[in-house]
Amino acid sequence: MIAGPCSAESLEQVLATADAVAGALSSAGSVQFTELDWFRAGLWKPRTRPGSFEGVGSAGLEWLAEVKLRYGWKVCCEVATPSHVEACLKAGIDMVWIGARTAANPFQVQELAESLRGADVPVYVKNPVSHDLNLWCGAVERLSKCAVTQIGAIHRGVSSNSSLEYRNDPAWDLAIAFHSRCPELPLLCDPSHIAGKAESVPELSQRAINIGFDGLMVEVHNDPSKALSDASQQLSPEGFSRLLGDLVIRDGVSSDVEFTRQIEQLRARIDDIDGNLLSLLGQRMSVSEEIGRLKKESNVAILQSGRWEEVLSRAVALGRRNGLSEDFVRSIFSLIHEESIHRQ
Ligand code: PEP
Ligand code: MN
């Protein structure tokens, strides 16, 4: 668990937030979390537009040092330039992370990686703002090529234009793909930046735990309504306390014999069904090729939109009868259609 304000604003605010976090940790409700792994606070804030609060800069390093002294926690903050890295290492910051906007820029990541060479602190990499697995993994590779050995990742969702329930699209698929590519790296979830509003942080946190993330980075502020950045998404002391009390932690694996027997049976069924799905898809594509040959012999164009509309509406209706959402059926069929046209 990483918790703390979006930004360090003053010594008083940082200490009041730390005090609230300590209170939540020791409250009777939170049996699962008795300590914090890191206390967070952003010092240099990468704001989307100029003119917003851009952070207190290196002045906040002493405030984090004070938190460390008073509460015995490790502390962390975001770094975006080699001079931030240098200042953090000098001030005894225990972990640094590369933010989403910085992670999207290979030049900047390369410079950071070089400035972190030989540093004895963990470095976490947030996923870049766009849905781009290679860019995220590329940032991790740049660090490991510079002999940074303690690397982790933080999933914070991706920017999206479509009107969404949350500030960011949760894009769980991206995090799952990252985990498959780098299974050995700790992967945390930042529900605060996905949510954009405090009330959605608990549901996203539980979702992340259910999926199997290794931990959470949560924004907490002693008085969110007065926060100088991300006011709407920071948890109040009470909100954080409730979150700790309510979260249900899942085990990564289970040694229970009955659970193992049942899951193995279900997985065997899934594997069997996947085999059938792929065999049917293969057969469908062979028929597409035959249609393609026929159209060519008869000098007919491949794309007939009327037919495609017909296929799609039939599929959506059939899907509905089988308990499949329209969105899901449309996504699958647009991929099938694309491949089918390619074959033809
Ligand atoms: C932050 O953690 O305060 C932050 C700016 O996050 P992100 O880089 O994910 O937008
Ligand atoms: Mn923030």
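Chemist: Any chance you could explain the pairing of strand 3 (residues 75-79) here in plain terms?
Modeler: Here is the key point about a regular strand: its side chains alternate between the two faces of the sheet. Counting buried positions along strand 3 yields 5 of 5 residues, so the element is predominantly enclosed. Bridge count between strand 2 (residues 38-40) and strand 3: 2 bridges; the pairing is parallel. Residue Arg40 lies in a different strand from strand 3, and its bridge partner there is Cys76. In this region the chain leaves strand 2, passes through helix 2 (residues 59-71) and returns to the parallel neighbour strand 3; the handedness of that crossover is right-handed.

Chemist: Which parts of the structure should I look at to understand the packing of aromatic side chains?
Modeler: Two numbers describe a pair of aromatic rings. These are the distance of the centres and the angle of the planes. The final tally for this structure, using the stated rule, is 5 aromatic pairs. Their ring planes at 25° and their centres at 4.1 Å tell us that Trp136 and Phe178 sit as a pair that is stacked. With a gap of 42 residues between them, Trp136 in helix 6 (residues 133-145) and Phe178 in helix 7 (residues 172-181) connect regions that are remote in the sequence. Taken individually, Trp136 and Phe178 each receive the classification buried, so the pair is uniform in this respect. Judged by centre distance (5.8 Å) and plane angle (65°), the rings of Trp172 and Phe213 are edge-to-face. Residue Trp172 is located in helix 7, and its partner Phe213 is located in the loop between helix 9 (201-211) and strand 8 (215-219); the two are separated by 41 residues in the primary sequence. As far as the burial class goes, Trp172 and Phe213 line up, both buried. Site record: aromatic cluster; members linked through ring pairs are Phe39, Tyr71 and Trp73.

Chemist: Explanation requested: the pattern of salt bridges in the structure shown.
Modeler: Where charged atoms from two side chains of opposite charge come close, those side chains can pair. If you walk through the whole model with that rule in mind, you get 12 salt bridges. Lys126 is paired through a salt bridge with Asp190; the nearest N and O atoms lie 2.8 Å apart. Here Lys126, found in strand 5 (residues 123-126), pairs with Asp190, found in the loop between strand 7 (187-189) and helix 8 (191-195); they are 64 residues apart in sequence, far enough to count as distant. As far as burial versus exposure is concerned, Lys126 and Asp190 are alike and both buried.

Chemist: Can you help me understand the packing of helix 1 (residues 11-26) against helix 2 in this one?
Modeler: In helix packing, the relevant descriptors are the interaxial angle and the interaxial distance, both defined with respect to the helix axes. Between helix 1 and helix 2, the least distance of the axes is 10 Å, while the angle of their chain directions is 35°. As for the relative orientation of helix 1 and helix 2, their crossing is right-handed in sense. Here Leu11, Val14, Leu15, Ala18, Asp19 and Ala22 of helix 1 come into contact with helix 2, specifically with Trp63, Glu66, Val67, Arg70 and Tyr71. Taken together, the residues of the contact of helix 1 with helix 2 break down into 8 nonpolar, no polar and 3 charged.

Chemist: Explain the site of ligand 1 to me, please; I cannot follow it from the model alone.
Modeler: Contacts to ligand 1 come from Cys6, Arg40, Lys45, Glu78, Trp97, Gly99, Ala100, Arg101, Lys126, Arg156, His193 and Glu219. The side chain of Lys126 places a nitrogen or oxygen atom 2.8 Å from an oxygen atom of ligand 1. Contacts to ligand 1 include His193, whose side-chain N or O atom sits 3.4 Å from an oxygen atom. Protein chains bury 97% of the 300 Å² of accessible surface belonging to ligand 1 in isolation. Among the residues making up the shell around ligand 1, the classes are represented as 3 nonpolar, 2 polar and 7 charged.

Chemist: Would you mind showing me how to read the coordination of the manganese ion (ligand 2) here?
Modeler: Put simply, the ideal angle at a metal is 109.5 degrees for four donors in tetrahedral geometry and 90 or 180 degrees for six donors in octahedral geometry. Surrounding the manganese ion (ligand 2) are the protein donor atoms Cys6 (SG), His193 (NE2), Glu219 (OE) and Asp230 (OD), at 2.1 to 2.4 Å. All donors to the manganese ion (ligand 2) come from one chain, and their sequence spacing reads C-x186-H-x25-E-x10-D. With Cys6 in the loop between strand 1 (2-4) and helix 1 and Glu219 in strand 8, this pair connects stretches of sequence that are 213 residues apart. Taking the relative accessible area as the measure of exposure, Cys6 reaches 2% and is therefore buried. Look at Glu219 and you get buried, because its relative accessible area is 1%.

Cut-offs applied
- Residues numbered from 1 in each chain as written.
- Chains lettered and ligands numbered in written order.
- Predicted model: local features only at pLDDT ≥ 70, side-chain atom pairs only at ≥ 80, totals over all residues.
- Heavy atoms only, no water.
- Buried < 20%, exposed > 50% of the residue type's maximum accessible area, 1.4 Å probe, protein only.
- Helix = DSSP H or I, 4+ residues; strand = E, 2+ residues; numbered from the N terminus.
- Pairing = 2+ DSSP bridges.
- Right-handed = clockwise from strand over helix to strand, strands pointing away.
- Phe/Tyr/Trp six-rings, centres within 6.5 Å; stacked < 30°, edge-to-face > 60°.
- Salt bridge = Lys/Arg side-chain N within 4 Å of Asp/Glu carboxyl O.
- Axes fitted to C-alpha atoms, helices over the stretch in contact; angles between N-to-C directions.
- Left-handed = near helix turned anticlockwise from the far one by under 90°.
- Contact = heavy atoms within 4.5 Å.
- Nonpolar A, V, L, I, M, F, W, Y, C, P; charged D, E, K, R; others polar.
- Near = heavy atom within 4 Å.
- Polar contact = N/O pair within 3.5 Å; in protein donor to acceptor, adjacent residues only side chain to side chain.
- Areas by Shrake-Rupley, 256 points an atom, 1.4 Å probe, with all protein chains shown as cover.
- Donors = N, O, S within 2.8 Å, 3.2 Å for Na, K, Ca; no water.

In short, shape yes, function no, at least from these values alone.
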